[in-house]
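Survey of secondary and tertiary structure
The chain contents come next:
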Amino acid sequence: MKPHVAISIGDLNGVGIELALRKHKKIKEWCKPIYCINKEMLSQASALLNLKIPTDFKLFATKGEFVIEPGIVDAKAGQYSFDSFNDAIKLTEDGITKAMVTLPINKEAWSKAGIDFKGHTEVLRKHFKKDAIMMLGCSKMFVALYTEHMALKNVAKQFNLKQLTQFLLDFHKCIHPKSKVAVLGLNPHASDNGVLGNEEELIIQAVNQVNKKLKKEVFTQPMVPDTAFTKFNRKNHTYYIAMYHDQGLIPLKALYFEQSINVSLNLPVIRTSVDHGTAFDIAYKKQANAKSYLNAIKEAVRLTHK
Ligand SMILES: NC(=O)c1ccc[n+]([C@@H]2O[C@H](COP(=O)([O-])OP(=O)(O)OC[C@H]3O[C@@H](n4cnc5c(N)ncnc54)[C@H](O)[C@@H]3O)[C@@H](O)[C@H]2O)c1
Ligand SMILES: N[C@H](C(=O)O)[C@H](O)COP(=O)(O)O
C-alpha cells in the first residue's frame, strides 16, 4: 500500500513549490502526498509559475496569506514555512501520514520572523525531546554531523566525551552499518598526535568506549579530514561522521549534490528532506533540479516499509 506522506511546502519565495507541482504526478506512483499549504497560497504560486494545480493535489490548509516575492528573504514567507512544517509534524505524529518530507526553508527568513530555531532538525529535536542526528547523503556516501548549525568558533566547545559517545551509539542504533564507519578528526591532520589541538584525544576515547561496548570495531580512529574523502578512502567507507557541518557537507555536496538527501535519525518519526536550500537565484524560473526531492520522497517511502 502507498503510504500517506506529509510534505511541508518550504519557503514559498524559493524553489520548493515548483518541485512539488512539477513532480506531483511522479511521486504519486510511490505515495499519497498531503501538501501543507492552503488554496490561496497554492493558487498564487501556480499562477506565478504558470503551472496548473493537479486536480488530485491534496492539501492540508496551513493558515496564513502573504504576497509571494520570488527570491526575496521575507519574514512572512519564513513564518508560513515554519507553520507548514509544524502542520507536517502534527500530521505525522498523529499517524495521519506515515512520514514527512520537507521542502527547503530559509534560515534568515525564519530569523526575521522571530523563529528561535536555525532549521528543521532543531525543531524536531525540541519537539520530540530527542537528540536527532542530521545525516545527508546518497547510496554512495552518507555523512552524519556531530555538530551542525553553529558558528565555527563554537564547534570545539561542543566536544565532551559523554555527548560524543552517546552520538556514536545513537548513530549505530539507527544505521547498523555493515562497513566500518569513518570518524573524522576535528583538527588539521587530526592534530598530528596533539601538535595541532587535542580534541582527537577525546574522539579516540569515545570511539574506543563505543567499539568496546559494541564488541566490534564499528568506528575508525579519527581520520585525517583532508584525505578522508579521497577516492581510495571512499572505497572503504560509506558512512562518515563529520565533526562540523562544512567538514562533511562540502565533500558530499561537491560530489553528490544533485542526488543527495537529508535524513533525520534518532527520532520517533520519519523525516527526509532535499539536500539543497531555497535557491532564491533560480526561484520561479523552472530551472530547479528535482532529483534530490524525488530521492527524499523515495527514501521516506522506503523507511515506512521497514
Ligand atoms: N532543506 C533545507 O531546508 C535547506 C537546506 C540547505 C540550505 N537551506 C537554506 O536555504 C537558504 C539558501 O541556501 P544556500 O544559498 O546556501 O544554498 P542553496 O542550496 O539554496 O543554493 C546553492 C546553489 O545551488 C543551486 N541550487 C540549489 N538547489 C538547486 C536545485 N534543486 N536545482 C538546481 N540548482 C540548485 C542554487 O541555485 C545556488 O546557486 C539558506 O537559508 C540555507 O540555510 C535550507
Ligand atoms: N544543513 C542542511 C544542509 O546544508 O543541507 C540544511 O541546512 C538543512 O537542515 P535542516 O534539515 O535542519 O533544516
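Conventions used here
- Residues numbered from 1 in each chain as written.
- Chains lettered and ligands numbered in written order.
- Predicted model: local features only at pLDDT ≥ 70, side-chain atom pairs only at ≥ 80, totals over all residues.
- Helix = DSSP H or I, 4+ residues; strand = E, 2+ residues; numbered from the N terminus.
- Rg over C-alpha atoms; globule rule 2.2 N^0.38 Å.
- Contact = placed C-beta atoms within 7 Å.
- Domains from an automatic or database assignment.
- Nonpolar A, V, L, I, M, F, W, Y, C, P; charged D, E, K, R; others polar.
- Near = placed C-beta within 6 Å.
- Buried ≥ 20, exposed ≤ 12 C-beta atoms within 10 Å, placed from the backbone.
- UniProt positions renumbered as here; feature names shortened; annotations may be inferred.

1. Some words on the overall build of the chain
- Tallying secondary structure elements over the chain gives twelve helices and ten strands in all.
- The C-alpha radius of gyration of the chain comes to 20 Å, within 12% of the 19 Å expected for a compact globule of 306 residues.
- Based on the C-alpha atoms only, the size of the chain along its principal axes is roughly 60 × 40 × 35 Å.
- For the chain, restricting intrachain contacts to residue pairs at least 6 apart in sequence, the fraction spanning at least 24 positions comes to 75%.

2. Considerations on the domain arrangement of the chain
- Parsing the chain into structural domains produces domain 1 (1-130 + 267-306) and domain 2 (133-264).
- Contact residues are listed per partner, giving 17 residues for domain 1 and 14 residues for domain 2.
- Among the elements of the structure, helix H6 (120-128), strand E10 (271-274) and helix H12 (291-304) are those that each provide at least two residues to the side of domain 1 that touches domain 2.
- At five residues, H12 tops the list of elements feeding residues into the side of domain 1 that touches domain 2.
- Classifying every residue of the side of domain 1 that touches domain 2 gives four nonpolar, seven polar and six charged.

3. Digging into the site of ligand 1
- In the vicinity of ligand 1, 18 residues are found, and the nearest of them are Pro104, His276, Gly277, Ala279 and Asn289.
- Listed by contribution, the elements that provide at least two residues to the shell around ligand 1 are helix H5 (107-112) and E10.

4. Concerning the environment of phenylalanine 128
- Along the chain, phenylalanine 128 falls in helix H6.
- Assessed through the 17 C-beta atoms surrounding it within 10 Å, phenylalanine 128 is described here as partly exposed.
- A sequence separation of 61 residues divides phenylalanine 128 from valine 67, and the C-alpha atoms of the two residues are 32 Å apart.
- Not counting the four nearest positions on each side in its chain, phenylalanine 128 is found in contact with Leu267 and Pro268.

5. Concerning the UniProt feature "binding site: a divalent metal cation" (unreviewed entry) in the chain
- Following the UniProt record, one finds the feature "binding site: a divalent metal cation" (unreviewed entry) at His149, His189 and His245. These annotated residues cover 97 residues of sequence, and their C-alpha atoms reach 23.5 Å apart at the extreme, placing them across more than a single site.
- Tracing the chain through its elements places histidine 149 in the loop between strand E6 (141-145) and helix H7 (161-175).
- Assessed through the 13 C-beta atoms surrounding it within 10 Å, histidine 149 is described here as partly exposed.
- Residue class for histidine 189 comes out partly exposed when judged on the 15 C-beta atoms lying within 10 Å of it.
- Not counting residues up to four positions away in its chain, the partners in contact with histidine 189 are Leu196 and Val224.

6. Points about unusual backbone geometry
- Positive phi is not limited to glycine here, since asparagine 50 has a value of about 55°.
- Here asparagine 50 shows up in the loop between helix H3 (39-49) and strand E3 (59-60).
- Residue classification places asparagine 50 among the exposed positions, given that 8 C-beta atoms sit within 10 Å.
- Phi angles above zero are rare outside glycine, and lysine 286 is one such case at about 55°.
- The topology assignment puts lysine 286 in the loop between E10 and H12.

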